[in-house]
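Architecture and fold: a report
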Amino acid sequence: MKKIKWSFLLWILFAGFNPVHAQHNHIDLSGQVVDSTAGVELAYSTVQLKLLADSSFVSGTISNDKGVFILAGIEPGEYVLSCSYLGYHSSVLKVYVGSVSRNIDLGIIPLQSDQQVLGVAVVTAQKTEIGTALDKKSYAVTDNLSQQNGSVLQSISNLPGVTTQNGQIQLRGNSQVVVLVDGKQTAITGIGGQKGLENLPASAVERIEIINNPSAKYDANGNAGIINIILKKEVKEGFNGKIGLSAGVGALWVRKPNYPGIRPQYQQTPKVNPSISLNYRKKKVNLFFQADNLYSQTLNKNEFVTRSYADGTSIQQQLKRNRNTNFLTTRAGLDFFINEKNTLTVFGTFGQESIKDRGDQPFLNGTTLEQTRLWQFLEDELVTATMGSVSYEHRFDQPGRKITASANHTFDRENEKYFFDNQQSGRTTKESFALIADQKVLDLKVDYIRPVKQGVVESGLKFRRRTIPTNMVSYPSDSFSVLDTGADGRATYAEWIPSVYGTYIYESKRIQAEAGLRLEYVQLDYLVEPGHNTYQSDGYSYFQPFPNARLTYKLSKGKRLSAFYNRRVDRPDEVNIRIFPKYDDAGIIKVGNPALKPQFTNKVELGFKSDLPKGYVYAAVYRSMSNGTITRIATTMDASNLIYNVSQNIGKSSNSGVEVSLQHDASKRLKFNLNMNGYYNTIDAYTVTNQYPVSASFSEGKQTVYSGNVKLNSNISMSSTTEAQLTAIWLAPDILPQGSIASRFSMNIGVKKSVQKGLGEFVLNATDLFNTLKIRTTIHGKGFTYKSTDYYETQAIRLGYNRKF
């Protein structure tokens with residue numbers, strides 16, 4: 001295990017920043033009044049809070065039978081707190097109230113009896129839950145008008161600092177993002193991955209959190225950061241809920257006509273999304289239920305490609321994929337408030353995603369433009385996911401001190417069937433294959449939090465067991481089959497991860513600081529059934545520390561300088577390791593690599609944030625340095641001109657950049673957020689060897705590029721019941737491991753109208769209003785060049801209605 005030099009850690013402690021967006025204007029103060037000598041609780045003590053500046057009264061209360069008191073709704077500032085009890089001298093405390101957390105624990109406040117000399121204590125209040133407030137930016141989906149009726153992926157793509165590329169979320173140009181649902185990794189998103197986000201309806205989501213610099217209490221996976229999707233859940237008394245229905249249409253016109261001789265591409269594609277959320281709370285029991293169903297037709301891919309080879313061969317091709325999707329998500333459970341100190345929560349989720357792709361892929365001679373091959377296919381995939389969760393929370397007498405234990409079990413089945421007709425050289429072959437992968441995940445977790453004199457201590461442990469047995473069977477036609485039957489068989493992905501963490505958080509009037517360490521052991525075994533023509537069993541293990549540090553200095557009211565350091569890891573997911581060829585593109589065969597190893601990253605960030613009279617501004621400078629970078633490398637090696645795309649570790653890479661964001665309320669009716677992100681990406685020179693289907697080496701020199709993106713969100717209040725949002729997004733050219741991607745531009749718009757005294761609302765929105773978004777890439781491989789433009793469906797217009805009750 002490579003050692004990290006302490007001198008390096010001390011240096012980078014001062015080199016990171018994450019802007020603070022979540023601040024609290026109303027704080028709850030708590031504490032406990034006790035006898036200074038005997039330590040016994042002083043029940044029904046008198047507590048008063050006054051302003052330090054002029055001693056004016058702010059709030060007061062009486063402690064309970066255990067000497068505990070709470071003063072609710074206190075605004076940030078400097079105060080004097082006095083505690084008194086008959087027969088005791090009063091204690092006077094100078095209290096600073098910050099704005100990072102809703103709760104502040106003053107801890108134990110001792111009072112001396114009349115026979116003792118009175119001493120005046122001066123303490124600074126500490127937060128009981130301040131960790132997440134500095135680490136995340138939180139956005140309500142209902143505020144994202146231009147994408148409110150679409151998918152979660154579309155809604156996320158509208159947020160500042162976030163972009164999407166080929167269906168993958170990127171934070172600051174980096175796609176190594178972990179996606180959580182309600183703080184947990186679930187099968188709905190592929191256990192921390194990004195699977196299914198383009199089909200998960202945004203109507204199921206309450207808000208989205210972006211965590212650029214996660215603390216040690218989060219899993220170490222994901223060097224770009226974490227996106228946490230918070231699903232809707234009410235806790236109001238009685239029966240209440242919300243129903244909704246949205247419908248829309250996409251692919252309004254043909255942007256690029258098909259090559260001759262294939263089936264029509266989808267046009268005027270329908271989208272329908274009914275949703276319901278129910279909640280019933282009475283005394284100690286809170287029941288909740290939620291269901292969403294998103295049906296859509298999309299022109300999922302319409303890519304035109306030119307492949308040029310060193311021997312002069314040129315091939316023109318089109319890959320058109322018409323997709324029908326139905327995604328059902330349900331969630332139900334209960335909260336049982338046993339008493340004031342103990343809560344039990346039990347819930348389950350069920351999701352089913354059905355995808356049917358009907359595709360055509362004609363191949364033309366690059367010189368004569370005569371069709372030389374036609375590949376037509378049906379991909380029928382059904383993914384069923386379930387999760388059961390039990391959590392228990394115990395709150396101690398000391399305010400803010402609690403312990404939480406949870407158990408989660410997840411199961412999902414990927415059932416994929418693929419049928420295709422291959423017309424080539426005057427003959428047609430009909431072939432198919434089937435793949436089943438069952439994923440089982442067990443997570444056991446305990447978290448403990450305790451306020452101390454100078455802040456708060458958090459610690460916990462987690463155990464994970466994850467297995468994915470996979471079985472692929474091919475059904476070839478004859479000796480002219482294009483299927484590699486020697487690459488069929490069975491394989492099992494088995495992962496075992498125990499981990500522990502601890503963090504200490506400190507805050508004073510000027511300084512906020514956090515230091516954390518997560519220790520993680522990983523044992524990964526990938527077991528390949530004997531007889532595979534290329535691969536055999538492999539895996540890896542490690543025991544590694546993952547430290548994090550944060551230091552924030554408050555220059556003045558509303559201005560702060562902040563620094564972060566994080567060490568993260570990206571463990572290759574099962575799909576990156578999977579040994580079975582994927583045939584969804586007849587010209588490119590994708591295969592995993594069981595020899596893949598983890599990618600480790602060190603991140604530093606530095607920046608400044610200042611509140612403005614009508615908004616805020618911040619600028620951040622960041623840098624991440626990765627070793628063992630995971631990507632796919634394309635090679636070609638036979639007369640068929642097939643391209644084999646195989647997962648590899650290519651060595652070192654880095655991402656350095658500047659992010660600037662401005663939030664401004666131009667008037668009572670106009671507000672806008674401008675986010676600009678510029679970065680410099682490098683991929684060091686590397687040489688790798690693809691083993692499938694036969695050994696082939698590829699070398700690439702150092703690649704560098706200056707890239708970035710600009711995103712403008714404008715919100716317009718048209719009346720007391722009507723508001724609109726306009727979003728413009730521009731993405732600069734960027735590098736890929738073997739090539740580049742060109743610039744992209746799109747504009748989204750949305751309008752919301754409140755009706756029925758605020759209980760109902762209509763939302764009309766349009767995605768990629770002017771149909772300008774297209775993906776242009778260039779790939780340079782050994783002996784070939786691949787240039788493509790994808791005119792997939794990006795434009796859609798939707799109308800939705802929601803009603804609360």
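All of these numbers come straight from a predicted model, not from anything done at the bench. (Residues numbered from 1 in each chain as written. Predicted model: local features only at pLDDT ≥ 70, side-chain atom pairs only at ≥ 80, totals over all residues. Heavy atoms only, no water.)

1. Brief notes about the packing of aromatic side chains
- Going through the model one piece at a time under the given rule, you end up with 21 aromatic pairs.
- Judged by centre distance (5.7 Å) and plane angle (40°), the ring pair of Phe239 and Phe805 falls under tilted. Of this pair, Phe239 sits in strand S15 (residues 238-250) while Phe805 sits in the segment after strand S46 (796-804), and the two are 566 residues apart along the sequence.
- According to the relative accessible area criterion, Phe239 is exposed, its value standing at 53%.
- Centre to centre, the rings of Tyr644 and Tyr692 are 5.9 Å apart; their planes meet at 75°, and the pair counts as edge-to-face. In this pair, Tyr644 is assigned in strand S33 (residues 643-649) and Tyr692 in the loop between strand S36 (686-690) and strand S37 (696-700), connecting sequence segments 48 residues apart.
- With relative accessibility at 8%, the residue Tyr644 sits in the buried group. (Phe/Tyr/Trp six-rings, centres within 6.5 Å; stacked < 30°, edge-to-face > 60°. Helix = DSSP H or I, 4+ residues; strand = E, 2+ residues; numbered from the N terminus. Buried < 20%, exposed > 50% of the residue type's maximum accessible area, 1.4 Å probe, protein only.)

2. Things to note about the pairing of strand S35 (residues 670-683)
- Examined bridge by bridge, strand S34 (residues 652-665) and S35 share 13 bridges and lie antiparallel to one another. Note on S35: the bridge partner recorded for Ser656 is Tyr680.
- Between S34 and S35, which follow one another and run antiparallel, lie four residues. (Pairing = 2+ DSSP bridges.)

3. Observations concerning the environment of Gln316
- Residue position: Gln316 is located in strand S18 (residues 314-337).
- Spatially, the C-alpha atoms of Gln316 and Lys256 are 15 Å apart, while their sequence positions differ by 60 residues.
- A distance of 2.8 Å separates the side chain of Gln316 from the side chain of Thr306, its partner in a polar contact. (Polar contact = N/O pair within 3.5 Å; in protein donor to acceptor, adjacent residues only side chain to side chain.)

4. Side note on the environment of Lys753
- When you line up the elements, Lys753 lands in strand S42 (residues 744-755).
- Judged by its relative accessible area of 35%, Lys753 is partly exposed.
- For Lys753, the contacting residues outside a window of four places in its chain are Thr721, Thr722, Gly760, Glu761 and Phe762.
- At 2.9 Å, the side chain of Lys753 and the side chain of Thr721 are in polar contact.
- Among the polar contacts listed, one links the side chain of Lys753 to the side chain of Thr722, at a separation of 3.4 Å. (Contact = heavy atoms within 4.5 Å.)

5. Thoughts on the sheet that holds strand S9 (residues 137-140)
- Sheet architecture is open: four strands sit in the order S9-S13-S14-S12, paired in mixed fashion. Every other strand in the sheet has two partners, leaving S9 and strand S12 (177-181) as the edge strands with one partner each. For this sheet the average axis-to-axis angle between neighbouring strands, irrespective of direction, equals 20°. (Axes fitted to C-alpha atoms, helices over the stretch in contact; angles between N-to-C directions.)

6. Overview of the confidence of the model for the chain
- Residue-level pLDDT values for the chain average 86, and 91% of them are 70 or greater.
- Of the regions scoring below 50 in pLDDT, residues 1-22 engages in 59 contacts with residues more than four places distant in sequence or in other chains. (pLDDT = per-residue confidence, 0-100.)

7. Here's the deal with the pattern of salt bridges
- Using the criterion set out here, one finds 33 salt bridges in the structure.
- The salt bridge involving Asp438 is made with Arg413; its shortest N-O contact spans 2.6 Å. Of this pair, Asp438 sits in strand S22 (residues 427-452) while Arg413 sits in strand S21 (residues 402-424), placing them 25 residues apart in sequence.
- In this structure Asp438 comes out as buried when scored by relative accessible area, which is 14%. (Salt bridge = Lys/Arg side-chain N within 4 Å of Asp/Glu carboxyl O.)

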